[in-house]
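Residue-level listing of the chains:
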Amino acid sequence: MLETPSQLSEFGIILLFIITGIVFVLIGVGVAALLRPNRPNIEKLMVYECGEDAVGKAWVNMNARYYLTALIFVLFEVEVIYLFPVSTVYGDAKLDALSNGSWTIFSFVEIFIFIGLLFVGLVYVWRKGYLDWNKPEVQPEVFVSKVPKDLYEAVNKKY
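Sequence order as written defines residue numbering, which begins from 1 separately in each chain. For this predicted model, a pLDDT threshold of at least 70 governs which residues receive local features, and a threshold of 80 or more governs which side-chain atom pairs are given and counted, while totals over whole chains, interfaces and linings are taken from all residues. Processing note: side-chain calculations cover all non-hydrogen atoms of the structure and skip hydrogens and water entirely.

As for the confidence of the model for the protein
Scored by pLDDT, the protein has a mean of 81; 87% of the residues are at 70 or more. Mean pLDDT across the secondary structure elements of the protein bottoms out at helix α4 (residues 83-90), with 77, and peaks at helix α1 (residues 7-35), with 91. pLDDT is a residue-level measure of predictor confidence that goes from 0 to 100. A helix here means a DSSP run of H or I that spans at least four residues, while a strand means a run of E at least two residues long, and both kinds are numbered starting from the N terminus.

Okay, structure coming up:
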């Protein structure tokens, strides 16, 4: 009788690969932490946002329209991907010959129904106003300092 390896040993090999991968990553991160220089300064610790100076705090609530616009984009982008399989077999001569031309008509109608549904979804999103973008004005915080303003100006002139 032939002996087959148990599933436990097969899963053990997979577990060994996972543990090896984790150890390899941890060793790489550890060696990098030991070798790299660590010289923080004011410029490196500043909040960086696309080359612009930050206005206000770094921890603010983001406008929900960013997420909504991203979700709408992903939704329509993924749906357009579904057109590729149909378009690759749309002009297949073998299928057209086997179905006496009805395959081409079916594919054509199917593509138009799908694009029509996408168009209805786009009209819905547009009518709901989800594609309107109104940039909110940033209101600077009112900060009252106990330090006199002339001391701030003296520091600014010095540096």
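Some words on the packing of helix α3 (residues 64-81) against helix α6 (residues 102-127)
Angles shown run from 0 to 180 degrees and are taken between the N-to-C directions of axes, each axis being a line fitted to C-alpha atoms and, for helices, limited to the stretch in contact. Here α3 crosses α6 at 170°, and the two axes come no closer than 11 Å. Our classification of the angle between α3 and α6 gives roughly antiparallel. Along its contact with α3, which presents Ile72, Phe76, Glu79 and Val80, the element α6 presents Phe114, Leu118, Gly121, Leu122 and Val125. Charged means Asp, Glu, Lys or Arg here, nonpolar means Ala, Val, Leu, Ile, Met, Phe, Trp, Tyr, Cys or Pro, and polar covers whatever is left, Gly included. Split into classes, the residues belonging to the contact of α3 with α6 amount to seven nonpolar, one polar and one charged. Any angle that is under 35 degrees is reported as roughly parallel, and any over 145 degrees as roughly antiparallel; angles of 65 to 115 degrees are reported as roughly perpendicular and all others as oblique. Here, residues are in contact when the closest pair of their heavy atoms is within 4.5 Å.

Looking at the packing of aromatic side chains
Here the aromatic set is Phe, Tyr and Trp, taking the six-membered ring for Trp, and pairing holds for ring centres within 6.5 Å; pairs whose planes are under 30 degrees apart are stacked, those over 60 apart are edge-to-face, and all others are tilted. Under the criterion given, the structure shown has two aromatic pairs. When the centroid spacing of 5.9 Å and the interplanar angle of 40° are considered together, the rings of Trp103 and Phe106 count as tilted. Placement of the pair is Trp103 and Phe106 together in helix α6, with a separation of three residues, close to one helical turn. Think of it in three bands: with a 1.4 Å probe and only protein chains considered, a residue is buried below 20% of the maximum accessible area for its type, exposed above 50%, and partly exposed in between. For Phe106, a relative accessible area of 48% puts it in the partly exposed group. Aromatic pair Phe108 and Phe112: ring centres 4.7 Å apart, planes at 70°, arrangement edge-to-face. Of this pair, Phe108 and Phe112 both sit in helix α6, four residues apart, roughly one helical turn.

Overview of the packing of α4 against α6
Relative to each other, α4 and α6 sit at 160°, their axes nearing to 10 Å. By the angle class used here, α4 and α6 are roughly antiparallel. When the axes of α4 and α6 are compared, the crossing they make is left-handed. Along its contact with α4, which presents Leu83, Val86, Val89 and Tyr90, the element α6 presents Trp103, Thr104, Ser107, Phe108, Glu110, Ile111, Phe114 and Ile115. Taken together, the residues that form the contact of α4 with α6 break down as nine nonpolar, two polar and one charged. Take the far helix as your reference; a near helix turned counterclockwise from it by less than a right angle gives a left-handed crossing, and one turned clockwise gives a right-handed crossing.

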